[in-house]
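Fold and geometry: a report
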Amino acid sequence: MNIVWYSEVKWNYLRTRKQNLLTHFPLNDRILFFQPFSFVKDNFFFPRKEGNIYYLTLPTYRKSSYKFIDTLMSFNIFRKIFYKFVKWYANAWIIILLKKRPDCICISNIYYLSLIDHSKMPVIWDYNDDPEQFGKQPEWAMKEFEVFLRSDNKIISCSIGITQYLLKKYKCLAVTIPNGVELSHFNKDLSLVQKSKKIVIGYVGIISSWFFDFELVKIISQQYRFCEIHLYGPCDKEAKKDLNDLLLMNKNIKYEGSQSYYVLPEIMRKFNVGIIPLYSIPEVWRAASGKLLQYLGVGIPVVSVWMEQYSMLKENVYFTKSHAEFIIALEKALKQPFMPMGDKLKEYDWEMLSIKFRNELLRVNE
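Residues numbered from 1 in each chain as written. Predicted model: local features only at pLDDT ≥ 70, side-chain atom pairs only at ≥ 80, totals over all residues. Heavy atoms only, no water.

1. Some points on the sheet that holds strand S1 (residues 2–6)
In spatial order, the strands read S3-S4-S2-S1-S5-S6-S7-S8; together these 8 strands make up an open sheet with mixed pairing. Strands with a single pairing partner mark the edges of an open sheet, and in this sheet they are strand S3 (48–50) and strand S8 (173–176). Here the average twist between neighbouring strands, direction ignored, is 25°. Bridge count between strand S5 (residues 104–107) and strand S6 (residues 123–127): 3 bridges; the pairing is parallel. Considered in S6, the bridge of cysteine 106 is made with isoleucine 124. The sheet contacts of helix H3 (residues 76–98) involve S1, strand S2 (30–36) and strand S4 (53–58), and relative to S2 the element is tilted by about 155°. (Pairing = 2+ DSSP bridges. Helix = DSSP H or I, 4+ residues; strand = E, 2+ residues; numbered from the N terminus. Axes fitted to C-alpha atoms, helices over the stretch in contact; angles between N-to-C directions. Contact = heavy atoms within 4.5 Å.)

Set out below in structure tokens:
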């Protein structure tokens, strides 16, 4: 297959759903991955290659601190001129690198919708995150997204909860292919990893003002003063003040920042319990954090806000909907030994999920 993906994140940014899916596609597929422009991270205007995947930066709008850009993009005439140039640029690289018309287009960035004529070729939206989960987006962009969702395009969502939400609100063609875990990476023999002498309660993931429950982490810190709470992951700029206040007031909380995907098993194996301390709201309940599966993959119990997608997992997982429930569950998780899970995580292995995802791409061509 010839596949073009218009992404909202860069190819070499952490290890996202896109990388986990596409790197498991057959090597005879030819994939072109367009990543957004960034004012702070590297941009590649000439293609880089990783296996059978080409990735390069495609200019597009994104929210920033430069207000004049927001103002310019609010004018329809300016957007048309801008996207006409970007479309020409994208099509040139598609011809050069893929040699022929794509068999399928995947998209997960609302700001690339203006480039795509979905009446001429199959287009699939990979719905992993709500576009407004990290802040309000321009009205013109959300209107385009609404039109797309209400059309006949297929939507692949990362959880049962999101699929049900989309079917109810938009009556669109939505199917579920959940987030997963690379079992071969997280099931490594980590028996030599030394745990801390202190009990460690750990979180790995994005620290966002939209969903990260700072108050809950503060309560955990105060209830378990004899434990260390370790936080790993990128922190968005809107959440930095809350994080700094949390660290200043609670000396048993340590923030370690972003870490390479390749060292996550070692980091997680040092935890006594892995936590997912997010706001207990419907938008989070219908999400599907892959970190929960990674914790289980390395063999540690998990205490998490309730997530419908994983609610059938019973062993080693404690789902909660309130701060009080979270604290009680954490006490249980710290006492209960980890129970072997057998093959219960295999249905969430990225290798299996990538086959299902690619089959959905093939179906839109039938």
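From this point, the narrative continues.
2. Some points on the layout of surface pockets
By volume, the second largest pocket is sized at about 280 Å³. Lining the second largest pocket are 14 residues, and of these Asn91, Ile94, Pro102, Ile105 and Met121 sit closest to its centre. Along the lines of polarity and charge, the residues of the lining of the second largest pocket split into 8 nonpolar, 1 polar and 5 charged. (1 Å grid on protein atoms, 1.4 Å probe; cavity = no way out; pocket = protein on both sides within 12 Å on 5 of 7 lines; lining within 4 Å. Points joined across faces, edges and corners; volume = space filled by probe spheres on them. Nonpolar A, V, L, I, M, F, W, Y, C, P; charged D, E, K, R; others polar.)

3. Some words on the environment of aspartate 189
Turning to its location among the elements, aspartate 189 is positioned in the loop between helix H6 (183–186) and strand S9 (199–204). Counting along the chain gives 77 residues from aspartate 189 to glutamate 266, while the straight-line C-alpha distance between them is 9.9 Å.

4. A short note on a positive patch on the surface
A cluster of like positive charges, contributed by Lys63, Lys67, Lys237 and Lys240, occupies part of the molecular surface. Structurally, the position occupied by lysine 67 is in helix H2 (residues 67–73). (Patch = residues over 30% accessible without salt bridge, like charges linked within 9 Å, V, L, I, M, F, W, Y side chains within 5 Å. Areas by Shrake-Rupley, 256 points an atom, 1.4 Å probe, with all protein chains shown as cover. Salt bridge = Lys/Arg side-chain N within 4 Å of Asp/Glu carboxyl O. Lys, Arg positive; Asp, Glu negative; His and termini not counted. Charge placed at Lys NZ, Arg CZ, Asp CG, Glu CD.)

5. So, the pairing of S2
Side chains on a regular strand alternate between the two faces of the sheet. Burial runs high along S2: 6 of the 7 residues are buried. In terms of strand pairing, S1 meets S2 through 5 bridges, oriented parallel. Paired with valine 4 across the strands is leucine 32, a residue of S2. Considered for its hand, the β-α-β crossover made up of S1, helix H1 (residues 17–22) and S2 is right-handed. With 6 bridges connecting them, S2 and S4 associate as parallel partners. By the bridge assignment, phenylalanine 33 is partnered in S4 with tyrosine 55. (Buried < 20%, exposed > 50% of the residue type's maximum accessible area, 1.4 Å probe, protein only. Right-handed = clockwise from strand over helix to strand, strands pointing away.)

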